[in-house]
Amino acid sequence: MTTLKSLTIRIFAIASISTLLVIANAASAEEIQVPLGQQGDKENPVVLPSSGMTKEQVQARFGEPSDWKEAVGEPPISSWRYNGFTVYFEYDRVIHSVLAHKAL
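Some details on unusual backbone geometry
Logical step 1: Glu74 connects to Pro75 through a cis peptide bond whose omega is 5 degrees.
Logical step 2: Tracing the backbone shows Pro75 in the loop between strand 1 (67-72) and strand 2 (77-82).
Logical step 3: A positive phi angle is found at Tyr91, which is not glycine, with a value near 55 degrees.
Logical step 4: Along the chain, Tyr91 turns up in the loop between strand 3 (85-90) and strand 4 (93-99).

Remarks on the pairing of strand 2
Logical step 1: Looking at chain direction, strand 1 and strand 2 are connected through four bridges and run antiparallel. Bridging from a neighbouring strand, Trp68 pairs with Trp80 of strand 2.
Logical step 2: Linking strand 1 to strand 2, which pair antiparallel, is a turn of four residues; within it Gly73 sits at a positive phi near 85 degrees.
Logical step 3: Bridge count for strand 2 against strand 3 is six bridges, and the pairing is antiparallel. Looking across to strand 3, one finds that Trp80 is bridged to Val87.

Topic: the packing of aromatic side chains
For any pair of aromatic rings, the description rests on two quantities: the centre-to-centre distance and the angle between the ring planes.
Logical step 1: On inspection of all chains with the given rule, the structure shows four aromatic pairs.
Logical step 2: Here the aromatic rings of Phe62 and Phe85 are separated by 5.6 Å at their centres, their planes lie at 70 degrees, and the arrangement is edge-to-face. Taken together, the positions of Phe62 in helix 2 (residues 55-62) and Phe85 in strand 3 put the pair 23 residues apart, joining distant regions of the chain.
Logical step 3: Taking relative accessible area as the criterion, Phe85 reaches 6% and is therefore assigned buried.
Logical step 4: An aromatic cluster of three or more residues is present, and its members are Phe62, Tyr82 and Phe85.

Quick look at the side chain of Ser97
Logical step 1: Among the secondary structure elements, Ser97 is positioned in strand 4.
Logical step 2: Of the residues examined, Ser97 reaches a relative accessible area of 13% and is grouped as buried.
Logical step 3: Setting aside residues no more than four positions away along its own chain, Ser97 makes contact with Leu48, Pro49, Thr86 and Val87.

Each value, and the rule that gives it
- Residues numbered from 1 in each chain as written.
- Predicted model: local features only at pLDDT ≥ 70, side-chain atom pairs only at ≥ 80, totals over all residues.
- Heavy atoms only, no water.
- Helix = DSSP H or I, 4+ residues; strand = E, 2+ residues; numbered from the N terminus.
- Pairing = 2+ DSSP bridges.
- Phe/Tyr/Trp six-rings, centres within 6.5 Å; stacked < 30°, edge-to-face > 60°.
- Buried < 20%, exposed > 50% of the residue type's maximum accessible area, 1.4 Å probe, protein only.
- Contact = heavy atoms within 4.5 Å.

Spelled out as structure tokens, the structure:
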């Protein structure tokens, strides 16, 4: 009986230590933050289309996009790419505009 009790205590101890090591490893993970606000040029800020603008308004103000993706999904989401930014539309309205990734 003592060997079974001793074995149970050892298994419990090993399981507890393993769990603590996993938790400690996860708690010490390094967090990397990307400064999104620094992607643009502070000297010449890029003016982006604002939410709610129609495709017609975007085209009138920014011209023809250099590339575009047709609408997919429900609701339909499409995108227009310009030099330096991309505009995302839901139906005919801008839902978001983002700066293009600037290589370091």
